[in-house]
Amino acid sequence: MTQYDPVFYSRMLTELTLAFHIIFATIGVGVPVMIALAEWRGIRTGDPHYTLLARRWTRGFVITVAVGVVTGTAIGLQLSLLWPSFMRIAGQAIALPLFLETFAFFVEAIFLGIYLYTWDRFKKKTTHLLLMIPIVIGSSASAFFITTLNAFMNTPRGFTLEDGVIKNLQPLAAMFNPATPTKVSHVLASSYTTSAYILAAIAAYKLLKGSDHAYYKKALKLTVTAAFVFSLATAAIGDLSGKFLAKYQPEKLAAAEWHFETEREAPLVLGGVLGQNNEIKYRISIPYGLSILAHGTPDGEVIGLNEFPEDERPPLYIHYLFNLKVAFGMYLALVGFLYLLRSRKHRGRELVPKWLLAAIVAAGPLAMITIELGWFFAEVGRQPWILRGYMKVADAATTSSHVDTMLLLFCLLYLVLGVTVVRVLSKLFRNYDVIQEMISLGIEKGGRRS
Amino acid sequence: MTYELLGIMVLWTFLYGYLIVASVDFGAGFFSYYSVLTGQKNKIHKIIQRYLSPVWEVTNVFLIFFVVGIVGFFPETAYYYGTALLIPGSVAIILLAIRGSYYAFSTYGSKENRGYMLLYGATGLLIPASLSTVLTISEGGYIEERNSQVLFLWNRLLASPYSWSVVLLAVVSVLYISAMFLTYYAARAKDETALEVVRGYALFWSAPTILSSFLVFLGIRTQNPQHFLGMLELYWMFAASFLCFLVAVYCVWKRRRYGTAFLFVMLQFAFAFYGYGAAHLPYVLYPYINIYEGFTNETMAGALIAAFIAGLFVLIPSLWLLMRLFLFDANYVQGTGAPKKG
């Protein structure tokens, strides 16, 4: 970049904020579900280990929520600061889900505050668990509302545009646009999967380091089982998303698959390198794969990228993002499957082999990377549009100077926040060892060390 | 009442809510740090923590509500303020981000750290200062549209005595509101030592608050004469505000009815804030955006208002529960209910 271009820097800054925020948003949506599961099992089985699990997860969770809140505030304000022209037009059509999202988050924040400080305050244990319901609903509903906004950017509906003015608005049609069902369910399921794997990775790490306490084994079983179920759901929805794209955003699917000519019986391309004139080298090709992904039948006709004017095609590197995301997604499902297979075979006294523990440890960060890849694929795949068919990114950005300086400032902010949050979390759990905590709570007799 | 007026009233109410809740929070952060510096930490730190810990996230949401709401109801604001406020807006975001996360780090994290406390205390004053400039800008004269390019006139804002008087008012009000609230809270907690300290703060900051309010009131006369005339028409609101101030300070001075005193603080700011806002109408940004021309389409306005009413049905009971458990529960406030986090 030799010349200052506010569009470029606005994109970079938005990408940066979203990429950072999505880590905490994912945890914020998924971990409450896991906490609720653990506390519920604790009450049902009367096993104090599960209750302690819920308690310890909550303790770390609030710290990530704090970062999620502040980065969410950042993206909320940056939408107006960096994309004023977009918000001026689109704000008319999508203000409703944005507004509702704040309500959902408000409820979540209130009940999280209550939940955190009332562990021993109610006579009946289920009362405390009930507080989790508004938290889970609130966090998932926020994800729902925000994702409808993103869905709207991909398939804008529910209005007509006359001379740059939005007319004949139907707010609900805008919210429940064609992209909403697959996008929302994919976001929710993948958040649940990722959160479950992150918690699984912690338990697996402890077991790998040599602890063989029942507490960690129960944690591992609960989290990996949940993660496996969620990962299957994510994959199934991912398949539906492919069919959605083929119908409503064929250029995104075509770019992801390097599919240039419209044809039937289209193969699925894995990997590869693009040569001159877009011929693909070194690829793995699965016959009929793309037709099946797009339409569910081997002879389905898939629209090729050449049908679109050149300045309306997404960048072709999203092919790799798409491939990697799918490959990682499969890894996540496979790891869960292997774990369940083994624990079924060795009923009662299962000792999870080291390689599988290591695979589960890897699944935690890998799941988060998959989320990032998925979002980069979704967002870059929409280029050059900010509002598909109506407004291009280049026409939506601020004209303000100094976006580059702000980018630098925010880089610094996220770096500092990121480093501190890791330090604080690791210190939190190291200083308050689970075995010591069990002894102090009277769950465990003294003497044993992990 | 028109949709336009209803919309701006809803938004103004959220901003008022933020003003009160955030002031308590910001001021508490400052006092908390100040008490560490002056060695009085053990006297007041505990009640501040007790109150703040469960409610801090709620504070941020009020602000987001206002921002999202104003862009929803008045999409033109996104365009003008959005373009003009890139730098001050970004700075405010960064300060809010530092404040929120470092509060969580020091409260929920393992150990308290003096550096975190400093950040927490300093941002408590810097954030209201930076946010208050938006009100100054709305008076007009700092944003200009030339050749369909929106420009923010930095130098003029920094050189304006009016702008600084608003900053001053914002900072001292934060300290005053917060100290008044903590006085009430300490009294409820029956914590005599803390009460003495925070009551002193409350009385100390009352005079600067009312003086800087007068300063701002007069400053508007030269800044935006039209707004000033509007305010004179609503003189009774400002008179009522002053009366409420007197009642509040009198109660605290006489060491009685701290709850009533805080109620009157809220009324004092309500009268002044709504009076200021009402006189500013119909402009949201003088002279570019007024509520009638910059309004969203009618369908969306209806949907937003419906959503708002539905939302209140969920929100009010939840807030009531929160307050009942942590603000009005004598056991919790006094610390006999053994609140264990996590």
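All of these numbers come straight from a predicted model, not from anything done at the bench. (Residues numbered from 1 in each chain as written. Chains lettered and ligands numbered in written order. Predicted model: local features only at pLDDT ≥ 70, side-chain atom pairs only at ≥ 80, totals over all residues. Heavy atoms only, no water.)

### Comments concerning the nonpolar core
- Grouped together as the largest cluster of nonpolar side chains are 245 residues, with contacts concentrated most on F86(A), L220(A) and Y176(B).
- For this core, the element with the highest residue contribution is helix α3 (residues 84–116) of chain A, accounting for 23 residues.
- The residues touching Y176(B), leaving out its near neighbours within four places in the chain, are A202(B), W205(B), S206(B), T209(B), F245(B), A248(B), V249(B), V265(B), Q268(B) and F269(B).
- Judged by nonpolar contacts, the second largest core, of 28 residues, contains A151(A), L253(A), L290(A) and F322(A). (Core = buried A, V, L, I, M, F, W, Y, C linked by side-chain atoms within 4.5 Å. Buried < 20%, exposed > 50% of the residue type's maximum accessible area, 1.4 Å probe, protein only. Helix = DSSP H or I, 4+ residues; strand = E, 2+ residues; numbered from the N terminus. Contact = heavy atoms within 4.5 Å.)

### Side note on the pattern of salt bridges
- Tallied over the full model, the rule gives nine salt bridges over all chains.
- For D311(A), the salt bridge is made with K392(A), and the minimal N-O distance between the two is 3.6 Å. Of this pair, D311(A) sits in the loop between α10 (289–295) and α11 (318–345) while K392(A) is found in strand β6 (residues 391–392), placing the two residues 81 residues apart along the sequence.
- Looking at K392(A), the relative accessible area reads 23%, which means it is partly exposed.
- One salt bridge connects D25(B) with R99(B), and the closest N-O pair in it is separated by 3.3 Å. With D25(B) in helix α1 (residues 3–37) and R99(B) in helix α4 (residues 86–108), the pair connects residues that are 74 residues apart, well separated along the chain. The residues D25(B) and R99(B) share a single accessibility class, namely buried. (Salt bridge = Lys/Arg side-chain N within 4 Å of Asp/Glu carboxyl O.)

### Thoughts on the packing of aromatic side chains
- Counted according to the given criterion, the structure contains 51 aromatic pairs over all chains.
- Judged by centre distance (6.4 Å) and plane angle (55°), the ring pair of F103(A) and F308(B) falls under tilted. Taken together, the residues F103(A) in helix α3 and F308(B) in helix α12 (residues 298–326) connect one chain to another.
- Taking the relative accessible area as the measure of exposure, F103(A) reaches 7% and is therefore buried.
- Here W12(B) and Y276(B) contribute two aromatic rings whose centre-to-centre distance is 6.4 Å and whose plane-to-plane angle is 15°, an arrangement assigned as stacked. Highlighted residues: W12(B) in helix α1 and Y276(B) in helix α11 (residues 258–280), separated in sequence by 264 residues.
- Residue classification places W12(B) among the buried residues on the basis of a relative accessible area of 16%.
- Take Y276(B): its relative accessible area is 11%, and that puts it in the buried class. (Phe/Tyr/Trp six-rings, centres within 6.5 Å; stacked < 30°, edge-to-face > 60°.)

### Side note on the packing of helix α8 (residues 192–223) of chain B against α11(B)
Residue and element names in this part refer to chain B.
- Between α8 and α11, whose axes approach to 13 Å, the crossing angle comes to 15°. If you check the angle between α8 and α11, you find them roughly parallel. The two elements α8 and α11 meet at a crossing, and its hand is left-handed. The segment α8 lies against α11, with L195, R199, T209, I210 and I220 engaging Y258, Q268, F269 and Y276. (Axes fitted to C-alpha atoms, helices over the stretch in contact; angles between N-to-C directions. Parallel < 35°, antiparallel > 145°, perpendicular 65-115°, else oblique. Left-handed = near helix turned anticlockwise from the far one by under 90°.)

### Things to note about the pairing of strand β3 (residues 268–274) of chain A
Residue and element names in this part refer to chain A.
- Inspection of the sheet shows β3 paired to strand β4 (residues 280–286) by six bridges, in the antiparallel sense. By the bridge assignment, L268 is partnered in β4 with I286.
- Taking the residues between adjacent antiparallel strands as the criterion, β3 and β4 are bridged by five residues, where N277 takes a positive phi near 55°. (Pairing = 2+ DSSP bridges.)

### Here we look at the environment of Y432(A)
- Looking at the element boundaries, Y432(A) is found in the loop between α13 (403–431) and α14 (434–441).
- Along the sequence, Y432(A) and I443(A) sit 11 residues apart, while their C-alpha atoms lie 15 Å from each other.

### A word on the interface of chain B and chain A
- If you look at the interface, chain B gives 66 residues, while chain A gives 66 residues.
- Of the roughly 6,200 Å² buried between chain B and chain A, counting both surfaces, carbon and sulfur atoms make up 76%.
- At the surface where chain B touches chain A, the tally comes to zero salt bridges.
- Counting across the chain B and chain A interface gives zero residue pairs in polar contact (both at pLDDT 80 or more).
- At the level of elements, α2 (41–73), α3 (75–84), α4 and α12 of chain B are the ones that each hand at least two residues to the side of chain B that touches chain A.
- Grouping the amino acids of the side of chain B that touches chain A by side-chain chemistry returns 41 nonpolar, 20 polar and five charged. (Buried area = accessible area lost by both parts, 1.4 Å probe. Polar contact = N/O pair within 3.5 Å; in protein donor to acceptor, adjacent residues only side chain to side chain. Nonpolar A, V, L, I, M, F, W, Y, C, P; charged D, E, K, R; others polar.)

### Concerning helix α9 (residues 225–233) of chain B
Residue and element names in this part refer to chain B.
- Among the residues making up α9, those that are buried are H227, F228, G230 and M231. All buried residues of α9 fall inside an arc of 160° around its axis, so they share one side. Of the residues in α9, the exposed ones pointing more than 90 degrees away from the buried face are L229 and E233.
- Those residues of α9 that are buried are in contact with α8, α10 (235–253) and α11. (Arc of directions from axis to C-beta.)

### Points about the confidence of the model for chain B
Residues and elements named next belong to chain B.
- Residue-level pLDDT values for chain B average 82, and 93% of them are 70 or greater.
- Of all secondary-structure elements in chain B, the lowest mean pLDDT belongs to helix α13 (residues 330–334), at 69, while helix α7 (residues 161–188) reaches the highest, 90.
- Listed scores for the predicted complex are pTM 0.86 and ipTM 0.79. (pLDDT = per-residue confidence, 0-100.)

### Side note on a positive patch on the surface
- Taken together, R41(A), R44(A), K221(A) and R344(A) make up a surface patch of like positive charges.
- A relative accessible area of 31% means that R41(A) is categorised as partly exposed. (Patch = residues over 30% accessible without salt bridge, like charges linked within 9 Å, V, L, I, M, F, W, Y side chains within 5 Å. Areas by Shrake-Rupley, 256 points an atom, 1.4 Å probe, with all protein chains shown as cover. Lys, Arg positive; Asp, Glu negative; His and termini not counted. Charge placed at Lys NZ, Arg CZ, Asp CG, Glu CD.)

### Here's the deal with the confidence of the model for chain A
- When pLDDT is averaged across chain A, the result is 87; 97% of the residues are at 70 or more.
- Confidence, expressed as mean pLDDT per element, reaches its minimum in chain A at strand β2 (residues 165–167) of chain A with 77 and its maximum at helix α7 (residues 180–208) of chain A with 93.

### Regarding the environment of F159(A)
All names here are of chain A.
- By the secondary structure assignment, F159 is in the loop between α5 (132–154) and β1 (160–162).
- In this structure F159 comes out as buried when scored by relative accessible area, which is 9%.
- Along the chain, F159 and Q92 lie 67 residues apart, while their C-alpha atoms are 9.8 Å from each other.
- Dropping the residues within four chain positions of it, F159 is found in contact with F152, I166, K167, N168, L169 and Y390.

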